[in-house]
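Next come the chains, spelled out residue by residue.
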Amino acid sequence: MEIHLPPIRKIINRSFEPLFFNQDRYLILWGGRGSSKSNFAAKKLIYRCLTAPYFRCILIRATYATIKDSQYQTIKDIITEWKLLDFFQFKENPLEIKCINGNIFYARGCDDVQKIKSIKDPSAAWYEEGNEIDKSDFITITTSIRTSKADYLQEVFSFNPECEGDAKDFWIN
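Residues numbered from 1 in each chain as written. Predicted model: local features only at pLDDT ≥ 70, side-chain atom pairs only at ≥ 80, totals over all residues. Heavy atoms only, no water.

Caption draft 1: The overall build of the protein chain, seen in detail. For the protein chain, the helix and strand inventory stands at five helices and seven strands. Taking 173 residues into account, the globule formula puts the C-alpha radius of gyration at 16 Å, and the protein chain, at 15 Å, falls close to it. Along the first, second and third principal axes, the C-alpha set of the protein chain runs to 50 × 35 × 30 Å. When the 173 residues of the protein chain are sorted by exposure, 50% land in the buried category. For the protein chain, contacts bridging at least 24 residues in sequence account for 70% of all contacts bridging at least 6. Accessible surface, the protein chain: about 9100 Å² in total, of which carbon and sulfur atoms supply 47%. (Helix = DSSP H or I, 4+ residues; strand = E, 2+ residues; numbered from the N terminus. Rg over C-alpha atoms; globule rule 2.2 N^0.38 Å. Buried < 20%, exposed > 50% of the residue type's maximum accessible area, 1.4 Å probe, protein only. Contact = heavy atoms within 4.5 Å. Areas by Shrake-Rupley, 256 points an atom, 1.4 Å probe, with all protein chains shown as cover.)

Right under this line is the structure:
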């Protein structure tokens, strides 16, 4: 089966266009509600899931229970909008999205960060509300994103400007 997506510039916010094919290890998206950073992250990762020979992505939030209504639902909505439901299976216990090509999204929360270590050969991660992730949890996760099977490894952070204290003092800076 062939998949035909509209040109990238028609499906993402133009401000994110230079980042769509970016392969840096860490991609940091900062913006207020409605800035389309989460929408962009989901579209970039869906595209990789569909086109990469190997792709295993972990959807991460501070608490597992919040993933279903945010990242998981955003990905599902975009797949539906793009009329690609025939290419994906959605599992709710545990939360997973599997592509017919074998690529997959896993959902994990930092409320049980040790479960992230058990995922075999992850190649990507998306930290939603990245400002809620502790540095120690990040270290556990980032050291788990390692495989030679993928073309490149990437961790995407999406942040809202609302955070406790001064954002300049946040550990990721």
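Caption draft 2: How the structure looks around helix H3 (residues 68-81). Along H3, the helix axis deviates most sharply at Thr74, where the bend reaches about 30 degrees. The complete set of buried residues in H3 reads Ser70, Gln71, Tyr72, Ile75, Ile78 and Ile79. Buried residues along H3 sit in contact with helix H2 (37-51), strand E2 (56-61), strand E3 (88-92), strand E4 (95-99), strand E5 (104-109) and strand E6 (124-128). One or two residues past the end of H3 sits Lys83, with phi positive at roughly 60 degrees. (Bend = angle between axes of the 7 residues up to and from the residue.)

Caption draft 3: Highlighting helix H5 (residues 135-142). All buried positions along H5 are accounted for by Asp137, Phe138, Thr140, Ile141 and Thr142. Packed against the buried residues of H5 are strand E1 (26-30), E2, helix H4 (114-117), E6 and strand E7 (154-159).

Caption draft 4: Here's a closer look at the environment of Gln89. Within the secondary structure layout, Gln89 lies in strand E3. In sequence terms Gln89 and Ile104 are 15 residues apart; their C-alpha atoms lie 9.5 Å from each other.

Caption draft 5: Representation of the packing of H2 against H3 within the structure. Orientation of H2 relative to H3, taken along the N-to-C sense of each, is 65 degrees, at an axis distance of 9 Å. Pair H2 / H3 crosses with right-handed handedness. Here Ser38, Asn39, Ala42, Lys43 and Ile46 of H2 lie close against H3, whose contacting residues are Thr74, Ile75, Ile78 and Ile79. (Axes fitted to C-alpha atoms, helices over the stretch in contact; angles between N-to-C directions. Left-handed = near helix turned anticlockwise from the far one by under 90°.)

Caption draft 6: Focus on the sheet that holds E5. In space, the seven strands of this open sheet follow the order E1-E7-E6-E2-E5-E4-E3, with mixed pairing throughout. If you trace the sheet from one side to the other, it starts and ends with E1 and E3, each paired once. With strand direction ignored, the average angle separating the axes of adjacent strands in the sheet is 15 degrees. (Pairing = 2+ DSSP bridges.)

Caption draft 7: Focus on the nonpolar core. Core analysis: the largest hydrophobic core is formed by 35 residues, its most contacted members being Ile46, Phe55, Leu59, Ile75, Phe88, Phe105 and Trp126. Take this core: its biggest share by element is seven residues, from H2. Beyond its immediate chain neighbours, meaning those up to four positions away, Trp126 contacts Ser38, Ala41, Ala42, Leu45, Cys57, Ile58, Leu59, Ile60, Gln71, Ile75, Val156 and Ser158. Counting residues in each nonpolar core, the second largest holds 20 residues, with Tyr54, Val113, Leu153 and Phe159 among its members. (Core = buried A, V, L, I, M, F, W, Y, C linked by side-chain atoms within 4.5 Å.)

Caption draft 8: Here's a closer look at the side chain of Arg61. Position of Arg61 relative to the elements: it lies in strand E2. In terms of polar contacts, Arg61 uses its side chain to reach the side chain of Thr66, at 3.3 Å. (Polar contact = N/O pair within 3.5 Å; in protein donor to acceptor, adjacent residues only side chain to side chain.)

Caption draft 9: Spatial organisation of the pairing of E3. Two strands pair when backbone bridges link them, and E3 and E4 are joined in this way by five bridges, in the antiparallel orientation. When the sheet's bridge partners are listed, Glu92 is paired in E4 with Leu95. Taking the residues that link successive antiparallel strands as the turn, the E3-E4 hairpin has two residues.

Caption draft 10: Representation of the environment of Asn93. For Asn93, the position within the fold is in the loop between E3 and E4. Put simply, Asn93 and Ala107 are 14 residues apart on the chain and 10.0 Å apart in space, counted from C-alpha to C-alpha.

Caption draft 11: Spotlight on the environment of Leu5. Note on placement: Leu5 falls in the segment before helix H1 (8-11). Here the alpha-carbon distance between Leu5 and Trp82, two residues 77 residues apart in the chain, equals 7.4 Å.

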